[in-house]
Number of protein chains: 2
Amino acid sequence: MHNIKLTIEFDGAGFFGWQYQPDRKTVQGELQIALEKLVQKPVKAYGCSRTDASVSAHNYVANFYTQSKLGIERFRRALNYHLPKEIYIKSAELVDLLFHARYNAKSKIYTYRIIRGQSPLRHARAWELREAVDARRINKALKLFVGRKDFQPFCLTRNISGICTLFRLELSETEDEISILIQGDRFLYKMVRRIIGAVVTCGTGRITLADIKAALAGEKHRSYRTAPSSGLILDSVQY
Amino acid sequence: MHNIKLTIEFDGAGFFGWQYQPDRKTVQGELQIALEKLVQKPVKAYGCSRTDASVSAHNYVANFYTQSKLGIERFRRALNYHLPKEIYIKSAELVDLLFHARYNAKSKIYTYRIIRGQSPLRHARAWELREAVDARRINKALKLFVGRKDFQPFCLTRNISGICTLFRLELSETEDEISILIQGDRFLYKMVRRIIGAVVTCGTGRITLADIKAALAGEKHRSYRTAPSSGLILDSVQY
């Protein structure tokens, strides 16, 4: 038995996220169809995380088990041949049988892109923000999220622990773009988009740093907007 | 009478190029529809050049005449309101009545993007090249095109002068991308895409620098491939 780790780039625009759903186009679904064509029987692919509909990835990681004797590089090429153009296997490698894309992940990096104003050439992968925002204020708000905290107020799931550790939240800026990097050990449903929604709302001056502090402390708070999925990309996974 | 110069970003993917065609979606067509909505009568927009179907632009320039008394920034905003999301007016300015977007252009800069291999997140704006190419050889081939020459062998029009001046042809490279910048005083139909087709064919080793020299000298030559329009972007116009 071989355990094969895949690094995958995908354009999420036409997909209902990673996770298999019976009647919808998902990345896991398409990958499993391609794998089945190659090995002639059903194969389960384990992904590093779920992703929201429309979210893309530069280096998503998945693994699967197979007894196929096809060489690893030929396997990668054959898989790309069977996959739709929106999904591309950048690399394939043999890994230890104990490796699991999700359970072994130490952290993940997401990036979120915001454009000041409009840009027809970039809007499919960004949040076009029409309001004026202060990037320095966004950066100050981001710093409040660093560390081991209960992120329940910034996610949509209510019945599991909200304790996560965020290692880095970094803002960088070019002429008309703001890019935010978030690295954490795990992420809850819609957590990144809700954090971005909150810090941008702070950047526009409509809420204060104190409001965010209070929400993180579990105090009663109104729910901030959720940033659109178009701006979110899973950048990489660390093992 | 006012003469208004527009700087326009557009995503060309869904358009049959700039130039108005009665039954097709074109950038000029959409712009004129939006202008007519604003000033309540037909307006002719003059563009800096035609573009091939699917070609995009970062800073396309057009101008039009109007007697409208709407302030220039309000005009720009109202125009964006009426335009489809694929076309965005980045700036509008009042210019001399003699200014003409096409006739006054001193030069234009195009960029062409090539990806080594595949990339779902970038393929809509690039040529995904599966063959191995030598970027240094492409760069050498590019240098042959600099200067005032007859580019007839590298375009599709046969009944007009092929004399153009190319000022710069520059290659830059990142990890898996090759980007080529071409600046010239004017460009003939499909000229950029045919030059790129030739230099890439040279980069793969299937033709030699001598073959390109001979073609530029007007000697008989086979026609090289035309690079796909997806990789081409009109970057800017110099006046």
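Thresholds applied
- Residues numbered from 1 in each chain as written.
- Chains lettered and ligands numbered in written order.
- Predicted model: local features only at pLDDT ≥ 70, side-chain atom pairs only at ≥ 80, totals over all residues.
- Heavy atoms only, no water.
- UniProt positions renumbered as here; feature names shortened; annotations may be inferred.
- Salt bridge = Lys/Arg side-chain N within 4 Å of Asp/Glu carboxyl O.
- Helix = DSSP H or I, 4+ residues; strand = E, 2+ residues; numbered from the N terminus.
- Buried < 20%, exposed > 50% of the residue type's maximum accessible area, 1.4 Å probe, protein only.
- Polar contact = N/O pair within 3.5 Å; in protein donor to acceptor, adjacent residues only side chain to side chain.
- pLDDT = per-residue confidence, 0-100.
- Contact = heavy atoms within 4.5 Å.
- Domains from an automatic or database assignment.
- Buried area = accessible area lost by both parts, 1.4 Å probe.
- Nonpolar A, V, L, I, M, F, W, Y, C, P; charged D, E, K, R; others polar.

Chain A appears in an unreviewed UniProt entry as tRNA pseudouridine synthase A from candidate division WOR-3 bacterium JGI_Cruoil_03_51_56. We quote the UniProt Catalytic activity (unreviewed entry) comment for chain A here in full: "uridine(38/39/40) in tRNA = pseudouridine(38/39/40) in tRNA". Heading Sequence similarities (unreviewed entry) of the UniProt record for chain A holds this comment: "Belongs to the tRNA pseudouridine synthase TruA family."

A. Looking closely at the pattern of salt bridges. Inspection of every chain in the model, using the stated rule, returns 30 salt bridges over all chains. Where A:Arg193 meets A:Asp52, a salt bridge forms, and the shortest distance between an N and an O atom there is 2.7 Å. Remark: A:Asp52 occurs in the loop between strand S2 (46–47) and strand S3 (56–66) and A:Arg193 occurs in helix H4 (residues 191–203); sequence separation between them is 141 residues. In this structure, the salt-bridge partner of B:Glu170 is B:Arg168, at a minimum N-O distance of 3.1 Å. Salt bridges sharing partners connect three or more residues here, namely A:Arg113, A:Arg122, A:Asp176 and A:Glu177.

B. Looking closely at the environment of A:Asp134. All names here are of chain A. With respect to the element layout, Asp134 can be found in the loop between strand S6 (127–129) and helix H3 (135–143). The exposure class assigned to Asp134 is partly exposed, which follows from its relative accessible area of 36%. Along the primary structure Asp134 and Leu121 are separated by 13 residues, whereas in three dimensions their C-alpha atoms are 24 Å apart. A polar contact is formed between the side chain of Asp134 and the backbone nitrogen of Arg136, at a distance of 2.9 Å.

C. A look at the confidence of the model for chain A. Mean pLDDT over chain A stands at 94; residues scoring 70 or higher make up 99%. For chain A, per-element mean pLDDT is lowest for helix H5 (residues 209–216) of chain A, which scores 94, and highest for strand S9 (residues 177–184) of chain A, which scores 98.

D. Spatial organisation of the UniProt feature "binding site: substrate" (unreviewed entry) in chain A. Residue and element names in this part refer to chain A. In the numbering used here, UniProt assigns the "binding site: substrate" (unreviewed entry) feature to Tyr110. For Tyr110, the position within the fold is in strand S5 (residues 107–116). Those residues in contact with Tyr110 that lie beyond four places of it in its chain are Ser49, Arg50, Ile180, Leu181, Ile182, Phe187, Val192, Leu232, Ile233, Leu234 and Asp235.

E. Spatial organisation of the domain arrangement of chain A. Residues and elements named next belong to chain A. Domain annotation of chain A identifies domain 1 (2–95) and domain 2 (107–238). Taking only C-alpha atoms, the centre of domain 1 and the centre of domain 2 are 28 Å apart. Tallying the contact residues gives 14 residues for domain 1 and 13 residues for domain 2. Both faces considered, domain 1 and domain 2 share a buried interface measuring about 1,100 Å² in area, 52% of it formed by carbon and sulfur atoms. A per-class count over the side of domain 1 that touches domain 2 returns 6 nonpolar, 5 polar and 3 charged.

F. Highlighting the UniProt feature "domain: Pseudouridine synthase I TruA alpha/beta" (unreviewed entry) in chain A. Taking the numbering used here, the UniProt-annotated feature "domain: Pseudouridine synthase I TruA alpha/beta" (unreviewed entry) corresponds to residues 8–104 and 141–239 of chain A. Across residues 8–104 of chain A, helical content stands at 25% and strand content at 26%; the span's end C-alpha atoms are separated by 17 Å.

G. The interface of chain A and chain B, seen in detail. On the side of chain B, 20 residues touch chain A, which itself brings 20 residues to the contact. At the boundary of chain A with chain B, total buried surface from both sides reaches about 1,600 Å², with 56% on carbon and sulfur atoms. Per-residue buried area on chain A facing chain B is highest for A:Lys85, A:Pro120 and A:Leu121; these three make up 44% of the total on that side. Summed over the shared surface of chain A and chain B, the number is 2 salt bridges.

H. Highlighting helix H2 (residues 72–82) of chain A. Every buried residue of H2(A) is listed here: A:Phe75, A:Arg76, A:Ala78, A:Leu79 and A:Asn80. Elements in contact with the buried residues of H2(A): strand S1 (2–10), helix H1 (27–39), S3 and strand S4 (87–95) of chain A.

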